[in-house]
Amino acid sequence: MESLIETFHLDVKLLIAQLVNFLIVLGILWYFALKPLTKIMNERSDKIEKSLKEAKEIEEKLAQTDEEREKILNKTKKEAGEILEQTRNDAETHKQEMARRTKEEVERLVVQGKEQLAREKDKMVEEAKGEVGDLVVEATKKVLGSALTKEVDKKVVEETIANISESDTNLRE
(Lines give C-alpha, C1' and ligand atoms only; values in the text may rest on other atoms or scores of the structure.)
Protein backbone atom coordinates (compact mmCIF):
# COMPACT_ATOMS: atom_id res chain seq x y z
CA MET A 1 0.00 0.00 0.00
CA GLU A 2 2.86 2.26 0.63
CA SER A 3 4.04 1.85 -2.88
CA LEU A 4 0.65 2.99 -4.05
CA ILE A 5 0.78 6.04 -1.90
CA GLU A 6 4.25 6.90 -3.18
CA THR A 7 3.32 6.20 -6.77
CA PHE A 8 0.31 8.43 -6.75
CA HIS A 9 1.78 10.90 -4.25
CA LEU A 10 -1.07 10.59 -1.86
CA ASP A 11 -1.07 12.16 1.50
CA VAL A 12 -2.88 9.92 3.97
CA LYS A 13 -3.66 12.72 6.37
CA LEU A 14 -5.06 14.78 3.59
CA LEU A 15 -7.03 11.80 2.35
CA ILE A 16 -8.50 11.19 5.79
CA ALA A 17 -9.29 14.88 6.20
CA GLN A 18 -11.02 14.86 2.82
CA LEU A 19 -12.88 11.71 3.77
CA VAL A 20 -14.04 13.32 7.02
CA ASN A 21 -15.01 16.49 5.12
CA PHE A 22 -16.88 14.37 2.60
CA LEU A 23 -18.76 12.55 5.35
CA ILE A 24 -19.62 15.85 7.07
CA VAL A 25 -20.88 17.34 3.78
CA LEU A 26 -22.74 14.10 3.08
CA GLY A 27 -24.35 14.21 6.56
CA ILE A 28 -25.31 17.88 6.12
CA LEU A 29 -26.72 17.16 2.63
CA TRP A 30 -28.56 14.15 3.99
CA TYR A 31 -30.04 16.08 6.88
CA PHE A 32 -30.85 19.36 5.12
CA ALA A 33 -31.39 18.30 1.51
CA LEU A 34 -32.03 14.60 0.99
CA LYS A 35 -34.18 13.97 4.05
CA PRO A 36 -36.61 16.91 3.33
CA LEU A 37 -36.49 16.08 -0.36
CA THR A 38 -37.32 12.44 0.36
CA LYS A 39 -40.10 13.57 2.67
CA ILE A 40 -41.49 15.90 -0.02
CA MET A 41 -41.18 13.14 -2.63
CA ASN A 42 -43.02 10.67 -0.39
CA GLU A 43 -45.75 13.22 0.34
CA ARG A 44 -46.07 13.95 -3.36
CA SER A 45 -46.25 10.21 -4.15
CA ASP A 46 -48.95 9.79 -1.51
CA LYS A 47 -50.81 12.77 -2.92
CA ILE A 48 -50.59 11.34 -6.44
CA GLU A 49 -51.77 7.92 -5.26
CA LYS A 50 -54.65 9.57 -3.39
CA SER A 51 -55.58 11.61 -6.49
CA LEU A 52 -55.46 8.49 -8.65
CA LYS A 53 -57.65 6.65 -6.16
CA GLU A 54 -60.12 9.56 -6.06
CA ALA A 55 -60.11 9.75 -9.87
CA LYS A 56 -60.91 6.04 -10.02
CA GLU A 57 -63.76 6.49 -7.52
CA ILE A 58 -65.08 9.47 -9.50
CA GLU A 59 -64.89 7.43 -12.69
CA GLU A 60 -66.83 4.59 -11.04
CA LYS A 61 -69.44 7.03 -9.72
CA LEU A 62 -69.69 8.61 -13.18
CA ALA A 63 -70.22 5.19 -14.75
CA GLN A 64 -72.82 4.38 -12.11
CA THR A 65 -74.53 7.74 -12.71
CA ASP A 66 -74.53 7.06 -16.46
CA GLU A 67 -76.16 3.68 -15.86
CA GLU A 68 -78.81 5.26 -13.61
CA ARG A 69 -79.41 8.00 -16.19
CA GLU A 70 -79.86 5.35 -18.90
CA LYS A 71 -82.28 3.42 -16.68
CA ILE A 72 -84.27 6.59 -15.97
CA LEU A 73 -84.23 7.52 -19.67
CA ASN A 74 -85.44 4.05 -20.67
CA LYS A 75 -88.13 4.14 -18.00
CA THR A 76 -89.23 7.59 -19.16
CA LYS A 77 -89.30 6.48 -22.79
CA LYS A 78 -91.35 3.44 -21.81
CA GLU A 79 -93.81 5.57 -19.82
CA ALA A 80 -94.06 8.06 -22.69
CA GLY A 81 -94.77 5.19 -25.08
CA GLU A 82 -97.46 3.84 -22.76
CA ILE A 83 -99.03 7.29 -22.42
CA LEU A 84 -98.93 7.73 -26.19
CA GLU A 85 -100.49 4.30 -26.72
CA GLN A 86 -103.19 5.06 -24.13
CA THR A 87 -103.88 8.37 -25.85
CA ARG A 88 -104.19 6.61 -29.19
CA ASN A 89 -106.55 4.05 -27.68
CA ASP A 90 -108.63 6.80 -26.06
CA ALA A 91 -108.76 8.70 -29.35
CA GLU A 92 -109.81 5.55 -31.22
CA THR A 93 -112.48 4.83 -28.60
CA HIS A 94 -113.69 8.42 -28.82
CA LYS A 95 -113.74 8.21 -32.62
CA GLN A 96 -115.75 4.99 -32.53
CA GLU A 97 -118.14 6.48 -29.96
CA MET A 98 -118.64 9.58 -32.12
CA ALA A 99 -119.22 7.38 -35.19
CA ARG A 100 -121.75 5.31 -33.25
CA ARG A 101 -123.56 8.43 -32.02
CA THR A 102 -123.57 9.91 -35.50
CA LYS A 103 -124.94 6.67 -36.94
CA GLU A 104 -127.66 6.57 -34.27
CA GLU A 105 -128.55 10.20 -34.97
CA VAL A 106 -128.73 9.54 -38.72
CA GLU A 107 -130.88 6.46 -38.13
CA ARG A 108 -133.13 8.46 -35.82
CA LEU A 109 -133.45 11.22 -38.41
CA VAL A 110 -134.18 8.65 -41.15
CA VAL A 111 -136.87 7.05 -38.99
CA GLN A 112 -138.37 10.46 -38.21
CA GLY A 113 -138.27 11.35 -41.90
CA LYS A 114 -139.97 8.10 -42.85
CA GLU A 115 -142.63 8.63 -40.18
CA GLN A 116 -143.22 12.19 -41.35
CA LEU A 117 -143.40 11.02 -44.98
CA ALA A 118 -145.87 8.30 -43.96
CA ARG A 119 -148.02 10.85 -42.08
CA GLU A 120 -147.93 13.23 -45.02
CA LYS A 121 -148.72 10.39 -47.42
CA ASP A 122 -151.66 9.29 -45.25
CA LYS A 123 -152.87 12.88 -45.10
CA MET A 124 -152.55 13.25 -48.87
CA VAL A 125 -154.37 9.93 -49.42
CA GLU A 126 -157.18 11.08 -47.13
CA GLU A 127 -157.39 14.37 -49.01
CA ALA A 128 -157.26 12.52 -52.33
CA LYS A 129 -160.05 10.18 -51.16
CA GLY A 130 -162.20 13.15 -50.28
CA GLU A 131 -161.53 14.80 -53.62
CA VAL A 132 -162.09 11.53 -55.52
CA GLY A 133 -165.41 11.11 -53.69
CA ASP A 134 -166.46 14.60 -54.72
CA LEU A 135 -165.34 13.91 -58.30
CA VAL A 136 -167.26 10.62 -58.36
CA VAL A 137 -170.40 12.38 -57.16
CA GLU A 138 -169.98 15.10 -59.75
CA ALA A 139 -169.26 12.57 -62.50
CA THR A 140 -172.26 10.50 -61.50
CA LYS A 141 -174.46 13.59 -61.61
CA LYS A 142 -173.25 14.41 -65.07
CA VAL A 143 -173.67 10.84 -66.32
CA LEU A 144 -177.08 10.37 -64.81
CA GLY A 145 -178.05 13.90 -65.49
CA SER A 146 -179.56 14.59 -62.18
CA ALA A 147 -178.50 14.69 -58.58
CA LEU A 148 -178.63 11.51 -56.69
CA THR A 149 -179.98 11.25 -53.26
CA LYS A 150 -177.66 11.65 -50.39
CA GLU A 151 -177.90 7.96 -49.59
CA VAL A 152 -176.84 6.93 -53.08
CA ASP A 153 -174.08 9.56 -53.04
CA LYS A 154 -172.79 8.22 -49.75
CA LYS A 155 -172.89 4.60 -50.98
CA VAL A 156 -170.99 5.43 -54.18
CA VAL A 157 -168.36 7.42 -52.26
CA GLU A 158 -167.86 4.60 -49.75
CA GLU A 159 -167.43 2.00 -52.50
CA THR A 160 -164.93 4.21 -54.33
CA ILE A 161 -162.95 4.87 -51.14
CA ALA A 162 -162.92 1.14 -50.37
CA ASN A 163 -161.58 0.41 -53.86
CA ILE A 164 -158.89 3.12 -53.44
CA SER A 165 -157.94 1.78 -49.99
CA GLU A 166 -157.49 -1.72 -51.44
CA SER A 167 -155.33 -0.33 -54.22
CA ASP A 168 -153.29 1.67 -51.71
CA THR A 169 -152.77 -1.41 -49.50
CA ASN A 170 -151.61 -3.42 -52.50
CA LEU A 171 -149.16 -0.66 -53.46
CA ARG A 172 -147.67 -0.51 -49.97
CA GLU A 173 -147.00 -4.23 -49.93
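Residues numbered from 1 in each chain as written. Predicted model: local features only at pLDDT ≥ 70, side-chain atom pairs only at ≥ 80, totals over all residues. Heavy atoms only, no water.

1. A few points about the overall build of the protein
Note the following rule: Each helix corresponds to a stretch of at least 4 residues labelled H or I by DSSP, and each strand to a stretch of at least 2 residues labelled E; elements are numbered beginning at the N terminus. Think of it in three bands: with a 1.4 Å probe and only protein chains considered, a residue is buried below 20% of the maximum accessible area for its type, exposed above 50%, and partly exposed in between. Using a 1.4 Å probe, the Shrake-Rupley method yields the accessible areas, and only the shown protein chains count as cover for residues.
Looking only at helices and strands, one finds 3 helices and 0 strands in the protein. Each helix and strand of the protein, ordered N terminal to C terminal, gives the series α-α-α. Within the protein, buried positions represent 6% of all 173 residues. With the model as given, the accessible surface of the protein reaches about 15,900 Å², and the carbon-plus-sulfur share is 61%.

2. Brief notes about the packing of aromatic side chains
What counts, and what does not: Note on ring pairs: Phe, Tyr and Trp rings are taken, using the six-membered ring of Trp, and paired if centres are within 6.5 Å. Classes follow the plane angle, with under 30 degrees stacked, over 60 edge-to-face and the rest tilted.
Evaluated as defined, the whole model comprises 1 aromatic pair. With a centroid separation of 5.0 Å and an interplanar angle of 85 degrees, the aromatic rings of Y31 and F32 are classed as edge-to-face. Note on Y31: relative accessible area 52%, which makes it exposed.

3. Re a negative patch on the surface
Definition in use: Like charges within 9 Å and nonpolar side chains (Val, Leu, Ile, Met, Phe, Trp, Tyr) within 5 Å are joined into patches, using only residues over 30% in relative accessible area that form no salt bridge. Any Lys or Arg side-chain nitrogen located within 4 Å of an Asp or Glu carboxyl oxygen qualifies as a salt bridge. Positive charges come from Lys and Arg, negative ones from Asp and Glu, while His and the chain ends are left out of the count. Throughout, a charge is located at the NZ atom of Lys, the CZ atom of Arg, the CG atom of Asp or the CD atom of Glu.
Residues E54, E57, E59 and E60 make up a contiguous surface patch of negative charge. For E57, the position within the fold is in helix α2 (residues 12-144). The class for E57 is partly exposed, based on a relative accessible area of 38%.

4. Some thoughts on the pattern of salt bridges
Taken as a whole and assessed by the stated rule, the structure comprises 6 salt bridges. Note that R69 and E70 form a salt bridge whose closest N and O atoms lie 3.7 Å from each other. By relative accessible area, R69 is classed as partly exposed at 44%. Judged by relative accessible area, which is 38%, E70 ranks as partly exposed. With its nearest N and O atoms 3.2 Å apart, the salt bridge here joins E97 to R101. One end of the pair, E97, and the other, R101, are both in helix α2, 4 residues apart, so they sit about a helical turn from each other. One salt-bridge network, held together by shared partners, links E97, R100, R101 and E104.

5. Details of the confidence of the model for the protein
Which entries qualify depends on this criterion: What pLDDT reports is the predictor's confidence in each residue, on a scale of 0 through 100.
On average, the protein scores 86 in pLDDT, and the residues at 70 or more come to 89%. Mean pLDDT per element in the protein: helix α3 (residues 150-172) is the minimum at 70, and α2 is the maximum at 90.

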